[in-house]
Amino acid sequence: SQTIHQWPATLVQPVGSPLSLECTVEGTSNPNLYWYRQAAGRGLQLLFYSVGIGQISSEVPQNLSASRPQDRQFILSSKKLLLSDSGFYLCAWRQIYGYTFGSGTRLTVV
Amino acid sequence: AQSVTQLDSHVSVSEGTPVLLRCNYSSSYSPSLFWYVQHPNKGLQLLLKYTSAATLVKGINGFEAEFKKSETSFHLTKPSAHMSDAAEYFCVPLYSSASKIIFGSGTRLSIRP
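Note that the coordinates shown come from a computational prediction; the quantities given were computed from them, not determined experimentally.

Student: It is not clear to me how the packing of aromatic side chains should be interpreted in this structure. Could you clarify?
Tutor: Remark: the centre distance and the inter-plane angle together describe each pair of aromatic rings, the angle taken between the planes. All told, the structure shown has 13 aromatic pairs over all chains when counted by the stated rule. Residues Tyr34 of chain A and Tyr49 of chain A carry aromatic rings whose centres are separated by 6.0 Å and whose planes lie at 25° to one another, so their mutual orientation is stacked. Linking Tyr34 of chain A in strand E4 (residues 32-38) with Tyr49 of chain A in strand E5 (residues 44-52), this pair joins segments that are 15 residues apart in sequence. The residues Tyr34 of chain A and Tyr49 of chain A share a single accessibility class, namely buried. With 4.0 Å between their ring centres and 10° between their planes, Tyr50 of chain B and Phe67 of chain B make a pair best called stacked. Taken together, the residues Tyr50 of chain B in strand E6 (residues 44-50) and Phe67 of chain B in strand E8 (residues 64-68) connect sequence positions 17 residues apart.

Student: Which parts of the structure should I look at to understand the environment of Gly52 of chain A?
Tutor: Residues and elements named next belong to chain A. Turning to its location among the elements, Gly52 is positioned in strand E5. On the basis of relative accessible area, Gly52 is assigned to the buried category, the value being 1%. Beyond its immediate stretch of four places on either side in the chain, Gly52 contacts Asn30 and Arg68.

The rules behind each value
Residues numbered from 1 in each chain as written. Chains lettered and ligands numbered in written order. Predicted model: local features only at pLDDT ≥ 70, side-chain atom pairs only at ≥ 80, totals over all residues. Heavy atoms only, no water. Phe/Tyr/Trp six-rings, centres within 6.5 Å; stacked < 30°, edge-to-face > 60°. Helix = DSSP H or I, 4+ residues; strand = E, 2+ residues; numbered from the N terminus. Buried < 20%, exposed > 50% of the residue type's maximum accessible area, 1.4 Å probe, protein only. Contact = heavy atoms within 4.5 Å.

Encoded structure:
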């Protein structure tokens, strides 16, 4: 079956610490994958998307980076978190007939 | 340009009354269209989708939407609101030529007791 996994569900990190959020999909190959951020009271902001291994498109200059080390794995990272990185992070997978979303990660930077 | 507009950022209705969340798309051709619901700190759950079959689409939790090409609209409706319907709703088109997911700005639905 086709599924998407995103973890962790919640994360509290101190300012200046590194970040790694992982998203993996199952049951498909060469998926289009996306990372979105949703700040409090705001819409979904596209951060990165990837159409294949090693192919990353960045939408917004920021303190974050993304990597696609394997076909079905998409990682969101930061070397040093800022307070402004707090938010709800969502991984998404585009399929021919629609989209599937991960369950999200609530990141709080303290 | 390919885009979608959710006309209301916030809608508030009383429990038991009808719900209308509006969405208009902008395109030279008809895309597939989806409505997703997001409860606080949760991912997006698919409510319903239009994929060029029947123009009136029924989804989960009593929601439905009607695709109207003449109005370039895909409004979401429900005859009777329930407290559990309080959430954020997103209208999302699927364009075969677009590599990015295009989201509407979202509509926050509040339900008054």
